[in-house]
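If you want the building blocks of each chain, they are given just below.
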Amino acid sequence: MTPASIGPVKKETSGTFQVKSENRKTIWNTEEVPEGAEFDDTWDPREQPEYQILFKQCVGTEDVFFGMSRKDPSTACCEDMVIKIKLPETKYSDIALDIQDKVLDLRTPQKKLLLHLPYRVDSKNGKARFLSEEETLEVTLRVSRMFDFINFL
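So, how was this worked out
- Residues numbered from 1 in each chain as written.
- Predicted model: local features only at pLDDT ≥ 70, side-chain atom pairs only at ≥ 80, totals over all residues.
- Heavy atoms only, no water.
- Helix = DSSP H or I, 4+ residues; strand = E, 2+ residues; numbered from the N terminus.
- Buried < 20%, exposed > 50% of the residue type's maximum accessible area, 1.4 Å probe, protein only.
- Pairing = 2+ DSSP bridges.
- Axes fitted to C-alpha atoms, helices over the stretch in contact; angles between N-to-C directions.

Caption draft 1: Just unusual backbone geometry, in detail. One non-glycine residue, Glu89, lies in the positive phi region at around 55 degrees. Within the secondary structure, Glu89 sits in the loop between strand 2 (80-86) and strand 3 (96-99). The phi dihedral of Glu135 is positive, around 55 degrees, even though this residue is not glycine. Relative to the helices and strands, Glu135 resides in the loop between strand 6 (121-131) and strand 7 (136-143). Residue Glu135 is classed as partly exposed on the basis of its relative accessible area of 32%.

Caption draft 2: View of the sheet that holds strand 3. Taking strand neighbours across the sheet as the criterion, the 3 strands line up as 3-4-5 in an open arrangement whose pairing is antiparallel. The sheet is open, and its two borders are formed by strand 3 and strand 5 (112-116), each paired with just one other strand. Between one strand axis and the next, the sheet turns through 5 degrees on average, direction left out of account. Pairing of strand 4 (residues 103-107) with strand 5 involves 5 bridges; the strand directions are antiparallel. When the sheet's bridge partners are listed, Arg107 is paired in strand 5 with Lys112.

Caption draft 3: Molecular detail of the pairing of strand 6. When strand 6 meets strand 7, the two strands line up antiparallel, connected through 7 bridges. For Lys127, the partnering residue across the bridge sits in strand 7 and is Thr140. The hairpin turn running from strand 6 into strand 7, its antiparallel successor, is 4 residues long, and Glu135 in that turn takes a positive phi close to 55 degrees.

In C-alpha cells:
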C-alpha cells in the first residue's frame, strides 16, 4: 500500500486530445493570446522606469456643491487616465511611444515600459507632453467605456 493507492481507483486515459480549431496546424486560437503579448520582450536588458497612473474627472458646481449627478470619487466615474513616467537623462527625440486600446509601449535607449492599462482607452485621441525640467513624460488618454447610469456624456 502506497499513498497513491488511497482514494478512488483512477481510470486509464489515453494520450489523445481533441483539437478545437478548424485549422489543425494552429497552436492556439487568437482569443487565447492576451492583447499586447506581441510587445513582450523578456530578454530586453533595459530597466523599467518609475511610473504613476492617475485618473481625472470633469466635475461642475452641480457635482461638487449639490451632488446632483451620480458621480463619486471612484475611477468608475473618471473620464481621463494620466500616466506620468519618469525618464531621467532622456531627450524628447529619443522617446518612442505606441498606444493600443489596452497597452502603452514606451521605448528609450535606456528604459523600456510595457504597461497593460487598467481600462480600455481611445488610442487615437491622446495627448503626450515631455516636461524637460522634471524629466517626466505625461500621457493623457481618454477612457473609453460603455455608457451606464454614471457615465453618460
